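# Structural overview for review
Spelled out, the chains give:
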Amino acid sequence: MSGALIDIRNLTVRLSGGRDAVLVDDVSFAVGKGEVLCIVGESGCGKTVTARSIIGLTRHDPRFSLSGEIHFDGRDLMRLGADELRQVQGAGIAMIFQDPMTSLNPLHRIGRQIGEVLTLHGKHSSAEIRRRTIELLRQVGIPNPETRIDDYPHQFSGGMRQRAMIAMALACSPSLLIADEPTTALDVTTQKQILTLIKKLKVDYGMGLILITHDLGIVAEIADRVMVMYAGRCVEIGAVRALFRTPQHPYTAGLLASIPAANRVRGERLPSIRGVPPILSEGRPQGCAFLPRCDFALGQCRNLPPLRASGTDTDHLDRCWLSPEVKNQTLRRLQEGAEA
Amino acid sequence: MSGTPLVRVAALRKYFAVKGGWLGGRRGQVHAVDDVSFDVASGETLGLVGESGCGKSTLARCIVRLVEPDQGKLEFDGEDITHRPTRSLRPLRRQIQLIFQDPFASLNPRKRISQILGAALDLRDASVSRGDRQAEIARLLERVGLAPQFMDRRPRELSGGQRQRVGIARALAVGPRLIVADEPVSALDVSVQADILNLLKDLQAELGLTVIFISHDLGVIRHVSDRVGVMYLGRLVELAPADQFYAAPLHPYSEALLSAIPMPDPDAHLTRKEIVLEGDIPSPLAPPKGCRFHTRCPYAQALCAGSEPKLSTQAGGRLVACHFPLAKQESTGR
Ligand SMILES: Nc1ncnc2c1ncn2[C@@H]1O[C@H](COP(=O)(O)OP(=O)(O)OP(=O)(O)O)[C@@H](O)[C@H]1O
Ligand SMILES: Nc1ncnc2c1ncn2[C@@H]1O[C@H](COP(=O)(O)OP(=O)(O)OP(=O)(O)O)[C@@H](O)[C@H]1O
Ligand code: SF4
Ligand code: SF4
Ligand SMILES: [Mg+2]
Ligand SMILES: [Mg+2]
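Procedures and definitions
Residues numbered from 1 in each chain as written. Chains lettered and ligands numbered in written order. Predicted model: local features only at pLDDT ≥ 70, side-chain atom pairs only at ≥ 80, totals over all residues. Heavy atoms only, no water. Helix = DSSP H or I, 4+ residues; strand = E, 2+ residues; numbered from the N terminus. Rg over C-alpha atoms; globule rule 2.2 N^0.38 Å. Contact = heavy atoms within 4.5 Å. Areas by Shrake-Rupley, 256 points an atom, 1.4 Å probe, with all protein chains shown as cover. Donors = N, O, S within 2.8 Å, 3.2 Å for Na, K, Ca; no water. Buried < 20%, exposed > 50% of the residue type's maximum accessible area, 1.4 Å probe, protein only. Near = heavy atom within 4 Å. Nonpolar A, V, L, I, M, F, W, Y, C, P; charged D, E, K, R; others polar. Buried area = accessible area lost by both parts, 1.4 Å probe. Salt bridge = Lys/Arg side-chain N within 4 Å of Asp/Glu carboxyl O. 1 Å grid on protein atoms, 1.4 Å probe; cavity = no way out; pocket = protein on both sides within 12 Å on 5 of 7 lines; lining within 4 Å. Points joined across faces, edges and corners; volume = space filled by probe spheres on them. Domains from an automatic or database assignment. Pairing = 2+ DSSP bridges. Axes fitted to C-alpha atoms, helices over the stretch in contact; angles between N-to-C directions. Parallel < 35°, antiparallel > 145°, perpendicular 65-115°, else oblique.

Another aspect to go through is the overall build of chain B. Summing up its helical and strand segments, chain B has 12 helices and 12 strands in all. In summary, chain B has a C-alpha radius of gyration of 21 Å against a globular reference of 20 Å for 334 residues, a match within 12%. In terms of overall dimensions, chain B has a C-alpha envelope of 70 × 50 × 50 Å along the principal axes. Restricting the contact set of chain B to residue pairs at least 6 apart, pairs at least 24 apart contribute 63%. Summed over all atoms, the accessible surface of chain B reaches about 13,600 Å², with 50% contributed by carbon and sulfur.

Right, let's get into the coordination of the magnesium ion (ligand 6). Residues and elements named next belong to chain B. Note on the magnesium ion (ligand 6): its protein donors are Ser57 (OG) and Gln101 (OE1). The metal-donor distances range over 1.9 to 2.2 Å. Of this pair, Ser57 sits in helix 1 (residues 56-63) while Gln101 is found in the loop between strand 6 (96-99) and helix 3 (103-106), placing the two residues 44 residues apart along the sequence. Judged by relative accessible area, Ser57 falls into the partly exposed class, the value being 23%.

The local shell around ligand 4 holds 13 residues, among which Cys291, Cys297, Cys304, Cys322 and His323 of chain B are the closest. Taken together, the residues of the shell around ligand 4 sort by class into 10 nonpolar, three polar and no charged.

Attention now moves to the interface of chain B and chain A. Opposite the 71 residues of chain B that make contact, chain A presents 71 residues. Both sides together, the interface formed by chain B and chain A hides about 5,600 Å², and carbon and sulfur atoms give 54% of it. Where chain B meets chain A, there are four salt bridges. The residue Glu157 of chain B makes a salt bridge to Arg63 of chain A at a minimum N-O spacing of 3.9 Å. Listing elements by their share of the side of chain B that touches chain A, those giving two or more residues are helix 3, helix 6 (160-173), helix 7 (190-207), helix 8 (218-224), helix 9 (242-247) and helix 10 (252-259) of chain B. Looking at which element gives the most residues to the side of chain B that touches chain A, the answer is helix 7 of chain B, with nine residues. Its residues assigned to classes, the side of chain B that touches chain A comprises 30 nonpolar, 22 polar and 19 charged.

This brings us to empty space enclosed by the protein. This model, assessed by the stated rule, comprises nine cavities of 30 Å³ or more. Taken as a whole, the largest cavity spans an internal volume of roughly 330 Å³. For the largest cavity, the lining is made up of 31 residues, of which Asp215 and Leu216 of chain A together with His216, Asp217 and Val220 of chain B are closest to its centre. Looking at the lining of the largest cavity, its residues break down into 16 nonpolar, 11 polar and four charged. Both domains that meet at the lining of the largest cavity, namely domain 1 (6-223) and domain 2 (228-339) of chain A, each give it at least three residues.

Residues and elements named next belong to chain B. Taking strand neighbours across the sheet as the criterion, the eight strands line up as 6-7-8-3-9-10-12-11 in an open arrangement whose pairing is mixed. The sheet is open, and its two borders are formed by strand 6 and strand 11 (312-313), each paired with just one other strand. Two elements, strand 3 (residues 45-50) and strand 9 (residues 227-232), share five bridges in a ladder whose sense is parallel. Across the sheet, the residue bridging to Leu46 is Arg227, located in strand 9. The strands touched by helix 10 are strand 3, strand 9 and strand 10 (235-241); relative to strand 9, the strand with the most contacts, the crossing angle is about 105 degrees.

We now examine the pattern of salt bridges. Enumeration over the complete set of coordinates arrives at 39 salt bridges over all chains. As a salt-bridge pair, Asp267 of chain B and Arg245 of chain A come within 2.6 Å of each other at their nearest N and O atoms. Taken together, the residues Asp267 of chain B in the loop between helix 10 and helix 11 (268-271) and Arg245 of chain A in helix 10 (residues 240-245) connect one chain to another. Residue Lys327 of chain A is joined to Asp318 of chain A by a salt bridge in which the shortest nitrogen-to-oxygen separation is 2.6 Å.

All names here are of chain A. When the domains of chain A are assigned, the result is domain 1 (6-223) and domain 2 (228-339). On a C-alpha basis, the centres of domain 1 and domain 2 stand 28 Å from each other. With 23 residues of domain 1 at the contact, the number on the domain 2 side is 18 residues. Around 1,600 Å² of area is buried between domain 1 and domain 2 when both sides are counted, 64% of it from carbon and sulfur atoms. For domain 1, the biggest contributors to the area lost against domain 2 are Asp25, Glu42 and Leu216; these three give 33% of the whole. Connecting domain 1 to domain 2 are one salt bridge.

This paragraph deals with the packing of helix 7 (residues 158-170) of chain A against helix 8 (residues 188-205) of chain A. Residue and element names in this part refer to chain A. Direction vectors running N to C along helix 7 and helix 8 enclose 10 degrees, while the axes themselves pass 12 Å from each other. Here helix 8 runs roughly parallel to helix 7, going by the angle between their axes. Every residue of helix 8 that contacts helix 7 at Arg163, Ile166 and Leu170 is listed here: Thr190, Ile194, Leu197 and Leu201. Looking at the contact of helix 7 with helix 8 residue by residue, the classes come out as five nonpolar, one polar and one charged.

This part takes up the sheet that holds strand 1 (residues 4-15) of chain A. All names here are of chain A. In space, the four strands of this open sheet follow the order 2-1-4-5, with antiparallel pairing throughout. What marks the edges here is a single partner per strand, and that holds for strand 2 (21-32) and strand 5 (75-76). In this sheet, strand 2 lies alongside strand 1 in antiparallel orientation, the contact comprising eight bridges. Its bridge partner lying in strand 2, Ile6 is registered against Val31.

Below, the discussion takes up unusual backbone geometry. Even without a glycine there, the phi angle at Asn144 of chain A is positive, about 55 degrees. Note on placement: Asn144 of chain A falls in the loop between helix 5 (126-139) and helix 6 (145-148). At Asp35 of chain B, a position not held by glycine, the phi torsion is positive, near 60 degrees. Note on placement: Asp35 of chain B falls in strand 2 (residues 27-40). With relative accessibility at 40%, the residue Asp35 of chain B sits in the partly exposed group.

Written out as structure tokens, the structure is:
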């Protein structure tokens, strides 16, 4: 994709030292200006490791080794030294972490932590920083920001901490925001408010967004494109409508069928995908990693399927050997069956 | 439902003092849980929903007695535990377990998963032999969908959802009668989430487990709950059987919540009418006078700003705190 804000090619993350494993395997995707890419996938499939690798965090850990390319702002981030990397990031990429409590410093007041980010990104007077911090806290929906700015993280509720993290990420007006489960602890109305804020930043400033979430309702609402990961690999990627309407991979179809929707009849049991995902550090099964859990497996599946388009939509790629007919009819029916 | 409820919460209150202001030491009080009352029957699942910061976790921490309520009364199995001193809480821990909202902060990073679960098993029965203990830990991990290999890992080596499942396994290990689950499945993908919700259902059928389930995911709440309670700014504003609640909420805030559920359909917005709440979220430091929701309620009338509606019984035994509860007509949004 030309003109992409960030273009990630063949990102691979290996873990060494006792538990050798490939946590992220040959993942490629791009995000354009003002575009929202959502990453979904089973717990432990490598979403967080992917995100942390993009901003270079896994580099500090000697047990991780990375390969591939990450093009951002005309440079390959993988080739930059630590100092340069920090500069590029400061100028453009912000990340909201999955664990607010471990990324907020418990010993410092919320306001001071946001203020520090502002100080890093320009010289302001302390009164100016305070004013801007209060404004950011108000934007993310913290009531009484004038008072709560001096609270410590433990005095905030789970959702308020998440919002403080979001405020901190937005403080440096990033051109790319990577958000790892940013709204999991938020009620639906606050969630809506945050999503609206993000949409506004995307429209007004062309901010790109990589959003990791388990909430397929949020994906449907905000994503332009979706990437589905399974066991460290991208198994399906495409435009949001294509992916929800005609899932091409049995794992995607299974996920869509498991949603306990509020508009669904209250059933005795929820459909789920049988079996458990492989433990990456114990080695991945040969061929398609979904094989042991797949109801459609063929002999061929012991070889790794390529990531390619099944139909005419060349932007909708999947990694499954099934014929396009089976994908379009059977998988679609699986999902409808769950909705009925 | 008959006999003594397993949990009885009566006019419970918990305020937190906060240092206010940048210049001075002006102090305020966060009205985290304010005059909340409800019962939970043995074997029942009560779902709790509400705006972020409305006091759900604080209520949960009161019920498991991690914090002491300021006022009101808290009974477990007919026994008053409101002010039971910390040193005599250990027997209670065996019966009541909390699944924490934040799995990152609630697991000791220095301990291995086997040690974390082992300590929980000891709380149930310290006389179990070593071999049995390992087998039991493996069985617990399996129940939450984790392979036995995870035993030797430390929390840092787990993903978010894997940690959350360790938190669930730890609560189950104790063999409690009551589980207070604070956002237990929010970090899980929908398939694992379905497994965990099914597991909770099974345990309820097998052991008569009672559950208080906090979640912002109204789809999950609908699936697990017998009754649903809605909180707003420290108050319980509606309590109703789940089916009735979803069919026709009585409180305007409940209606707004239900209308904002993100739908797993990229075109949902085309057919759905959403109620957008106007106005700022009021501060729990100084909740609005009158009905606490009146600053944002689309149905507010003059009376609402002056007098606070009490939680009262409506036709059909449903409880709502509103002067003008929504009629049982079809409500907008779904
Ligand atoms: N520091 C580490 N040491 C060893 N293994 C790790 C480490 N960090 C992550 N892993 C493993 O790598 C895999 C991918 O983890 P990651 O955190 O990326 O998952 P995730 O997709 O974000 O899952 P979740 O949705 O549960 O947050 C997991 O199986 C996890 O156990
Ligand atoms: N230790 C504390 N000191 C001061 N204030 C606190 C403390 N704990 C909680 N609060 C405040 O009490 C209110 C209720 O917090 P609580 O954590 O119970 O909310 P919640 O409903 O669980 O929210 P969320 O959905 O975001 O987790 C919040 O305003 C919070 O800031
Ligand atoms: S490649 Fe084979 S095993 Fe893998 S998802 Fe497709 S059909 Fe199933
Ligand atoms: S009492 Fe009035 S303001 Fe409060 S919820 Fe009812 S109608 Fe709205
Ligand atoms: Mg993660
Ligand atoms: Mg909470």
